[in-house]
Amino acid sequence: MYKILDRINTGQCPILLLLLLLWTSRIHAQEASQGNTTIFNGAEMTLFGDYHFATGGAGLQPGIVATIRTAPYGVLKFAHANLLVTGADHANHIDGYVSNLDHGKFTYPVGDNGKYAPFAATAANTVGAYFLANPTVAVTSIVSGGNYVALPAGAPFSTANLATGMTAVSTKEYWDVDGAAPSAITLTWDATSDIAALTGNDLQNLSIAGWNPSTSKWEFIGSSVDGTSLLGGTSSVTSGSITTIADIIPDTYSAYSFASGVSSLPNLATTVDIDNQNFTLGQSRDLVVYIFETKGVGTSGPVMLRVARQSGWDFTVPGITLSGTDQSGISGNVAVGGGTPHENGNW
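Residues numbered from 1 in each chain as written. Predicted model: local features only at pLDDT ≥ 70, side-chain atom pairs only at ≥ 80, totals over all residues. Heavy atoms only, no water.

Just to check I follow, could you spell out the sheet that holds strand S21 (residues 185-189) for this structure?
Two strands in a sheet stick together by hydrogen bonds in their backbones, pointing the same way (parallel) or opposite ways (antiparallel). One open sheet accounts for five strands, arranged S14-S17-S21-S25-S24; its pairing is antiparallel. Looking at which strands have only one partner, the edges of the open sheet turn out to be strand S14 (106-108) and strand S24 (223-225). Here the strands of the sheet are splayed against their neighbours by 20° on average, with no regard to which way each runs. Pairing between strand S17 (residues 119-121) and S21: three bridges, direction antiparallel. Across the sheet, the residue bridging to Phe-119 is Leu-187, located in S21. (Pairing = 2+ DSSP bridges. Helix = DSSP H or I, 4+ residues; strand = E, 2+ residues; numbered from the N terminus. Axes fitted to C-alpha atoms, helices over the stretch in contact; angles between N-to-C directions.)

Help me out: how do you make sense of the sheet that holds strand S12 (residues 93-95) in this one?
Strand order across the open sheet formed by three strands is S6-S9-S12, with parallel pairing between neighbours. Looking at the sheet topology across the chains shown, the edges are occupied by strand S6 (37-39) and S12. Along the sheet, successive strands turn relative to each other by an average axial angle of 25°, direction set aside. Where S6 lies against strand S9 (residues 64-67), three bridges are found, and the strand directions are parallel. Opposite Thr-37, over in S9, you have Val-65 as the bridge partner.

How do you make sense of the pairing of S21 when you look at a structure like this?
The side chains of a regular strand alternate, first on one face of the sheet and then on the other. Most of S21 is tucked away: five of the five residues are buried. Here S21 shows no split at all, with Ile-185, Leu-187 and Trp-189 on one side and Thr-186 and Thr-188 on the other all buried. One ladder, built from four bridges, connects S21 with strand S25 (residues 240-244); its direction is antiparallel. Looking at the pairing, Thr-186 lines up with Thr-243 of S25. (Buried < 20%, exposed > 50% of the residue type's maximum accessible area, 1.4 Å probe, protein only.)

Explain the packing of aromatic side chains here, please?
A ring pair, where both rings are aromatic, is described by two values, the distance of the centres and the angle of the planes. Applying the stated criterion to the full structure yields 15 aromatic pairs. For the pair Phe-131 and Tyr-174, a centre-to-centre distance of 4.9 Å together with 0° between the ring planes defines the contact as stacked. Of this pair, Phe-131 sits in strand S18 (residues 126-131) while Tyr-174 sits in strand S20 (residues 174-178), placing them 43 residues apart in sequence. Each member of the pair, Phe-131 as well as Tyr-174, is classed as buried. Judged by centre distance (5.6 Å) and plane angle (55°), the ring pair of Phe-157 and Trp-211 falls under tilted. Within this pair, whereas Phe-157 is found in the loop between S18 and strand S19 (166-169), its partner Trp-211 is found in strand S22 (residues 206-212), the two being separated by 54 residues in sequence. Each member of the pair, Phe-157 as well as Trp-211, is classed as buried. An aromatic cluster of at least three residues, connected via ring pairs, comprises Tyr-51, Phe-53, Phe-78, Phe-106, Tyr-108 and Phe-119. The ring centre of Phe-131 lies 4.7 Å from the NZ or CZ of Arg-69, which sits over that ring. (Phe/Tyr/Trp six-rings, centres within 6.5 Å; stacked < 30°, edge-to-face > 60°. Lys NZ or Arg CZ within 6 Å of the ring centre and 35° of its normal.)

Would you explain the nonpolar core in this entry?
Across soluble globular proteins, nonpolar side chains show a tendency to be buried alongside one another. If you look at the biggest cluster of nonpolar residues, it comprises 36 residues, and the most contacted ones within it are Phe-78, Phe-119, Trp-175, Leu-187, Leu-206, Tyr-256 and Phe-258. It is S21 that provides the largest number of residues to this core, a total of three residues. Here Phe-119 is in contact with Phe-106, Thr-107, Tyr-108, Val-110, Gly-128, Ala-129, Trp-175, Val-177, Thr-186, Leu-187 and Leu-230, once residues within four sequence places are set aside. (Core = buried A, V, L, I, M, F, W, Y, C linked by side-chain atoms within 4.5 Å. Contact = heavy atoms within 4.5 Å.)

Could you clarify how one ought to interpret the side chain of Thr-199 in this entry?
Inspection of the secondary structure puts Thr-199 in helix H1 (residues 195-199). Given a relative accessible area of 4%, Thr-199 falls into the buried group. A polar contact of 2.8 Å, which involves the side chain of Thr-199, links it to the backbone oxygen of Ile-195. When sequence neighbours within four positions are dropped, the list of residues in contact with Thr-199 reads Asn-205, Leu-206 and Ser-260. (Polar contact = N/O pair within 3.5 Å; in protein donor to acceptor, adjacent residues only side chain to side chain.)

In short, the description is geometric, and any link to function would need to be established separately.
Okay, structure coming up:
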């Protein structure tokens, strides 16, 4: 059945709740919206079931759930990372801020100015929004009419202020992603992002960039293009996604976008994962780790390699034994070549 929830005043904070289509199933309720909904400053609403963007709505903003973007911004929250969100596209999405309260990879169905541009994060309580605007200007439109001031806090973010090795940052779009817990972050692009022009048709030149408020520069964030895109299909210059190699604290950066260039610090991904299934009790093996130039960048400094040693295992670097009885070169549960008492020691 349809259940209509009207405008509610909580203190000084008006909340316009969703027109929801609710029905029961064996698993849990599902929720749907045809848009025409706004969550005002400081207000929030939490969804506990799978969510579907229903098409066919009328009114000022059919298909769009808007949240006010100025602080304290309105937020649409999802209670669980495993909730399914369906029907999101350029005409049906959240124009504003979305949060996930649960830990686990969640795709945030955000967009702006008629463009759907989801991102993904893994840490609980990560919140974010998409801006279809040049970061140097950082001004986007209000769904009901007019424009916001430059957003988010700290904007604008000049695309002329670049880290060493960075040749350009996208002038098409950026995301505001906030959170205090370490999280992987995935950004997506489509043909309008013009990644082909940004990278010279070479995805090896693509990286996630973050605006560091401490340096007032766009900086490289270790990242890798996803073989299978968050949007579906194989990543290409016209459609795809890219994900941070390691978890980062979203609050470190004021904004996120795409960059081209070659970082002075090569991004090394794990190439071999050894677990108990590879060995029998008492068996030992010799392994060689090869580190090649990444993106054609050499290094004049020492190469650093960190190896996680599982409990009960012995690990030997030529001249150094790392075991349960010989703790030299071990920091916590991490073995470091060179015997230095800290992670990422020099070989």
